[in-house]
Amino acid sequence: MGFTNLLQLAGEFAISDINNKNEDIRHFFLGAVALRADGVIVKARNGSSVLPCPHAHAEARVCRKAGRNSIIFVARIRRDNGEFGMARPCKNCKNKMIRYGIKKCYYTVSSNEYGVISFENRNECVREKNIYKGKSNANKECK
Ligand SMILES: [Zn+2]
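Since this is a predicted model, take the numbers as computed values, not measurements.

Draft legend 1. Fine view of helix H3 (residues 91-99). Three or more residues of H3 are buried, namely Cys 93, Lys 96 and Met 97. Each buried residue of H3 lies within a common arc of 100° when the element is viewed along its axis, so the set occupies one face. Turned more than 90 degrees off the buried face of H3, the exposed positions are Lys 91 and Arg 99. At its buried positions, H3 is contacted by helix H2 (58-65), strand E3 (71-78) and strand E5 (104-110).

Draft legend 2. View of the nonpolar core. By size, the foremost hydrophobic cluster in this structure holds 34 residues, and its most contacted members are Ala 10, Ala 32, Val 62, Ile 72, Phe 73, Val 74 and Ala 75. Mapped onto this core, the elements with two or more residues apiece are helix H1 (3-14), strand E1 (28-35), H2, E3, H3, E5 and strand E6 (113-118). Top contributing element to this core by residue count: E1, with six residues.

Draft legend 3. Expanded view of the confidence of the model for the chain. The predicted model of the chain has a mean per-residue pLDDT of 88, with 87% of residues at 70 or higher. Contacts from residues 137-143, a stretch scored under 50 in pLDDT, to residues over four places away or in other chains number 17 contacts.

Draft legend 4. Inspection of the packing of H2 against H3 at higher detail. Relative to each other, H2 and H3 sit at 15°, their axes nearing to 9 Å. It follows from the interaxial angle that H2 and H3 lie roughly parallel. H3 is crossed by H2, and the crossing has left-handed handedness. In this structure, H2 contributes Glu 59, Ala 60 and Cys 63 to the contact, and H3 contributes Asn 92, Cys 93, Lys 96 and Met 97. In the contact of H2 with H3, the residues fall into four nonpolar, one polar and two charged.

Conventions used here
Residue numbers run consecutively from 1 along every chain, following the written order of its sequence. In view of the model being predicted, local features appear only for residues whose pLDDT reaches at least 70, and side-chain atom pairs are presented and counted only at 80 or more, with totals across whole chains, interfaces and linings using the full set of residues. Neighbour counting defines burial: a residue surrounded by 20 or more other C-beta atoms within 10 Å of its own C-beta is buried, one with 12 or fewer is exposed, and intermediate counts give partly exposed, using backbone-placed C-beta atoms. Numbered from the N terminus, helices here are DSSP runs of H or I no shorter than four residues, and strands are runs of E no shorter than two. Working definition: the arc comes from the directions between the helix axis and the C-beta atoms, pointing outward to the latter. Here, residues touch in the contact sense if the C-beta positions derived from the backbone fall within 7 Å of one another. Connectivity within a nonpolar core runs through C-beta atoms within 7 Å, and the core itself is a set of buried Ala, Val, Leu, Ile, Met, Phe, Trp, Tyr and Cys residues. Values of pLDDT, which run from 0 to 100, indicate the predictor's confidence residue by residue. Only C-alpha atoms enter the line fits that serve as axes; for helices the fit covers just the stretch in contact. Angles between N-to-C directions range over 0 to 180 degrees. Roughly parallel refers to an angle under 35 degrees, roughly antiparallel to one over 145, roughly perpendicular to one between 65 and 115, and oblique to any angle outside these ranges. In this scheme the handedness of a crossing depends on how the near helix is turned from the far one: anticlockwise by less than a right angle means left-handed, clockwise means right-handed. By the convention adopted, Pro, Cys, Tyr, Trp, Phe, Met, Ile, Leu, Val and Ala count as nonpolar, Lys, Arg, Asp and Glu as charged, and the other residues, Gly among them, as polar.

What follows is the structure, given as structure tokens:
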């Protein structure tokens with residue numbers, strides 16, 4: 001599975017817990033998957049908490065399930081159009097990934113851009129690529 005598919009998987013997981021479409025007031029949904037060194041894929045997503053809590057971030061949660069040398073994929077799904085949005089991990093999450101020995105982190109920037117953080121090489125870059133395959137239907141599901 002390529003990184004594009006894994007970002008899409010993270011996006012699909014982000015919107016997979018929308019139970020009551022009218023009561024869920026979130027403007028976006030965040031999901032993270034980790035490809036572990038043993039090939040197993042583990043997943044986590046943000047909760048619908050209205051309080052800001054860095055421990056509830058999807059990428060922080062997935063760290064606990066991922067082992068050393070895992071690669072993490074973080075996707076934000078916008079509620080307004082169902083496309084990818086900026087999912088760059090915050091400082092807390094990046095520090096957590098370093099503590100857990102995560103190798104790399106891919107994140108969505110928009111439907112046409114993604115970012116990569118390499119914890120091994122200590123660099124980060126943003127690249128253009130159409131990573132949106134029109135699979136997510138957050139907007140339709142929510143209304
Ligand atoms: Zn965070």
